[in-house]
Structures are given as C-alpha cells and as structure tokens.
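# Breakdown of the fold
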Amino acid sequence: MPDLRVSLAGVELKNPIVVASGTYGFGHEYGEFYDLSELGAICVKGLTPVRRDGNPPPRIAETPAGILNSVGLQNPGVDAFIAEEMPFLRQYDVKIIANISGNTPEEYGVMCEKLSAAGVDMIEVNISCPNVKAGGLAYGTRPELAAEVTEIAKKHSTVPVMVKLSPNVTDIVQIAKAVEDAGADALSLINTLLGMRIDIHSRRPILKNNMGGLSGPAVFPVAVRMVYQVRQATKLPILGMGGVAKGSDAAELMMAGADAVAVGTACFADVFAPLRVRDGLRDYLEQEGLSARALTNTVQPW
Ligand SMILES: Cc1cc2nc3c(=O)[nH]c(=O)nc-3n(C[C@H](O)[C@H](O)[C@H](O)COP(=O)(O)O)c2cc1C
C-alpha cells in the first residue's frame, strides 16, 4: 500500500485528493454518499464578505468535453459559512480550505481574519473568477494587483495562504512569481478558461452572462502545461486542477509538478469521482513503487 500522505505548505493531507471550490458546495450532498473523511481536503464554495445570489440563469452550458459556467459566486457570505457550515465540516477528519473572493484588497483581509479565527486549515485566495465584474479576474491578470491582494491576505491570516491563479493570461509564470514574491505559501491552478456558446436559432448566448468559465476534460492539457511552467519557475507547493477525472490524470498533473490535485467538474458526472481518482492514483503508485510525495515533478522533459 503506497504512502499517500502529502503536505501542502505545511498542511498535512492524508491523500493528495482535494475537491475543487464551487463544485462541492459545503459537502452536504456528497456526504450522503460517502464519508467526507476519505478526502485529503475540501475547498469550499467561493465565499464573499456578504451573501451573493450569483448571476441569473441559465448559468451552465454543456460543451463537447466539459462545461461552461457563470454561477457568479453564489454563497451565503463568510459569517454564515462560519456559523452554519464550519460545525458540519468539522465533524469530519478532513482539512478545510476556505476559498475567498473580494471586491477590494481590504475585503480579502477582513475575510482572512475571520476565517483564520474560525479555524480553517488554509485559505485559498481566488483572484481568478471570470464570472464577476469587480475583483476576481482583475486581480489575477495583473501582477501588481495579484501581489497586493496576496500581501494583504498574508498579513491578516494565521493559516497558510494559497493563491488561485487564472489561466486567462498571456504569461502565468509572471503572475505566479509576483504572488510568490508577495509571500504566498502555495499556489493553486487552474481556474476556468473564459469561453462562450451561442444558440444559433435564437442568436442569443446560451449563458445569461454571455460568457462563462470552461472546465472539465477540455482544459486538462492546459492545466498540465501551466502547472509544469509554474513548477519550473517557483518553489511554492502547487494544488493542481483542471479536468482531472481519473487516477492517471492525477498522476500526470503531479508528475508535471503538483503536490496535490483537486477534482471539480468530474464530481457533477459522478459523485464518487474524487474517490475513483484517489484509488486510481493509489494503484498507479503501487505499480511504480512510489509514494505520492515522490511523484511530484518527476517529468523528464525532452
Ligand atoms: C460550477 C463551478 C463553480 C465554480 N466556483 C468556483 C469558486 O467559487 N471559486 C473558485 O476559486 N473556483 C471556482 N470554480 C473553478 C474550479 O474550482 C476549478 O478551478 C475549475 O473548474 C477547473 O477544475 P475542473 O475542470 O476539475 O472543474 C468553479 C467551477 C465550476 C465548474
């Protein structure tokens, strides 16, 4: 039985499988099917300072190998999360990663303070949401703004801060380095790729928001490429994600440089996807005679 334990900026995970923010809610629905303690960590739905209802529907569109979404950070707000969802999640032996989005750097700071005090294990700073007008992606596409948000988040957190990068940039390495220099403890990537679909009969975009974020198997090679590039350029631990649906995907992303792997869109098609990915990765590691830790960054480029 291979050793599946990994560490993400000092946070010890019993296995490298995390569930991606926004695809797992706060775990309730999935908890009806299996014990959430089976997972390495849960990244909760993106939190904002106050409750948000998200964008108007339709906000999901199908694509040949994934989905487009424009959910727009629907969530109960950070205080309601702490009061109502943390006690539920704390029943399980699983690390809790709070994902946050703000309209201003100060809002990120306030949320970091509250969530640190509430005892989350890690904070994932989302500077990459393509579905909200203010904040989000604006921070993720400009190195100086990404650095500013990182600095404020670090200053107001007592737990490790992981910054989630956007793939909607020309040079992801530039943003990753700016965030590393600003003091981030870890990086997560990738968020969704900005996309669009049109109903040719009505000539209307399928999404009410016109555009949305593409996720699922279609983005997997982009995720592998970006994790690889960022691994080569920074020393920070990486939570890799984007289209992971089976154990071999997790192995590939870890080989490219990820320390742990998040499963997102695959959960919509199969509630057991994270456990299947974990078991497939375990079988691969067993065959190779490797521990999970030893797999990271073992690609041998030509
Ligand atoms: C419906 C939906 C909602 C999402 N909401 C968030 C969010 O609130 N915060 C965030 O950082 N990422 C969010 N994401 C992005 C995912 O966490 C992940 O980065 C992306 O979907 C790529 O992984 P996947 O292909 O495995 O889904 C969302 C993705 C989807 C599909």
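Reference entry: report on the structure contained in this document.

About the cut-offs
Residues numbered from 1 in each chain as written. Predicted model: local features only at pLDDT ≥ 70, side-chain atom pairs only at ≥ 80, totals over all residues. Heavy atoms only, no water. Near = heavy atom within 4 Å. Polar contact = N/O pair within 3.5 Å; in protein donor to acceptor, adjacent residues only side chain to side chain. Areas by Shrake-Rupley, 256 points an atom, 1.4 Å probe, with all protein chains shown as cover. 1 Å grid on protein atoms, 1.4 Å probe; cavity = no way out; pocket = protein on both sides within 12 Å on 5 of 7 lines; lining within 4 Å. Sits in = over half its atoms within 2 Å of the grid points. Nonpolar A, V, L, I, M, F, W, Y, C, P; charged D, E, K, R; others polar. Points joined across faces, edges and corners; volume = space filled by probe spheres on them. Helix = DSSP H or I, 4+ residues; strand = E, 2+ residues; numbered from the N terminus. Core = buried A, V, L, I, M, F, W, Y, C linked by side-chain atoms within 4.5 Å. Buried < 20%, exposed > 50% of the residue type's maximum accessible area, 1.4 Å probe, protein only. Contact = heavy atoms within 4.5 Å. Axes fitted to C-alpha atoms, helices over the stretch in contact; angles between N-to-C directions. Parallel < 35°, antiparallel > 145°, perpendicular 65-115°, else oblique. Left-handed = near helix turned anticlockwise from the far one by under 90°. Lys, Arg positive; Asp, Glu negative; His and termini not counted. Salt bridge = Lys/Arg side-chain N within 4 Å of Asp/Glu carboxyl O. Phe/Tyr/Trp six-rings, centres within 6.5 Å; stacked < 30°, edge-to-face > 60°.

Before going further, it helps to spend a moment on the site of the ligand. Taken together, 23 residues lie near the ligand, and Ser21, Lys164, Gly216, Gly243 and Thr265 sit nearest. In this structure, Gly242 approaches the ligand through a main-chain N or O atom, which is 3.5 Å from an oxygen atom. Notes on the ligand: free accessible area 610 Å², of which the protein chains cover 97%. A molecule is said to occupy a pocket when more than half its atoms come within 2 Å of that pocket's grid points, and by this definition the ligand occupies the largest pocket. Split into classes, the residues belonging to the shell around the ligand amount to six nonpolar, 15 polar and two charged.

Let us look at the layout of surface pockets. A probe matching the size of a water molecule, rolled over the atoms, marks out where space remains unfilled. Of the voids in this model, the largest pocket is the one considered here, and its volume is about 770 Å³. Lining the largest pocket we find 44 residues, and of these Ser21, Gly22, Thr23, Lys45 and Asn69 sit closest to its centre. Going through the elements one at a time, strand S6 (66-69), strand S14 (211-215), strand S16 (260-263) and helix H9 (266-269) are the ones with two or more residues in the lining of the largest pocket. Of the residues that constitute the lining of the largest pocket, the class distribution is 19 nonpolar, 20 polar and five charged.

To continue, consider the nonpolar core. Counting residues in each nonpolar core, the largest one holds 92 residues, and the members touching the most others are Phe81, Leu115, Val125, Leu165 and Leu189. The element best represented in this core is helix H7 (residues 220-233), accounting for six residues. If we skip the residues at most four places from it in the chain, Leu115 touches Leu47, Val78, Phe81, Ile82, Ala98, Ile100, Val120 and Ile123.

A few words now on the packing of helix H5 (residues 143-155) against helix H6 (residues 172-181). Orientation of H5 relative to H6, taken along the N-to-C sense of each, is 30°, at an axis distance of 8 Å. The orientation of H5 relative to H6 falls into the category roughly parallel. The hand of the H5/H6 crossing is right-handed. Contacts between H5 and H6 involve Pro143, Ala146, Ala147 and Thr150 on the former and, on the latter, Gln174, Ile175, Ala178 and Val179. When the residues that make up the contact of H5 with H6 are grouped by side-chain class, the tally is six nonpolar, two polar and no charged.

Counting through the fold element by element, Glu124 comes out in strand S8 (residues 122-126). Summary of buried charges: Glu124 has no salt-bridge partner, and the nearest side chain of opposite charge, Lys164, is 4.4 Å away.

Moving on, we get to the packing of H7 against helix H8 (residues 247-256). As a packed pair, H7 and H8 sit with axes 8 Å apart at the nearest point and diverge in direction by 25°. The angle between H7 and H8 falls in the class roughly parallel. Taken together, the residues of H8 that come into contact with H7 (itself represented by Phe220, Ala223, Val224, Val227, Tyr228 and Arg231) are Asp249, Glu252, Leu253 and Ala256. Residue composition of the contact of H7 with H8, by class: seven nonpolar, no polar and three charged.

Applying the stated rule across the entire model yields six aromatic pairs. Seen in terms of ring centroids, Tyr24 and Tyr30 are 3.9 Å apart; in terms of plane orientation they differ by 10°. Their pairing is stacked. Of the two residues, Tyr24 and Tyr30, neither departs from the other in class, the shared state being buried. Judged by centre distance (5.6 Å) and plane angle (40°), the rings of Tyr34 and Phe272 are tilted. One end of the pair, Tyr34, is in the loop between helix H1 (28-31) and strand S4 (41-43); the other, Phe272, is in the loop between H9 and helix H10 (273-288), with 238 residues separating them in the sequence. Judged by its relative accessible area of 36%, Phe272 is partly exposed. The rings of Phe33, Tyr34 and Phe272 are connected pair by pair, giving a single aromatic cluster.

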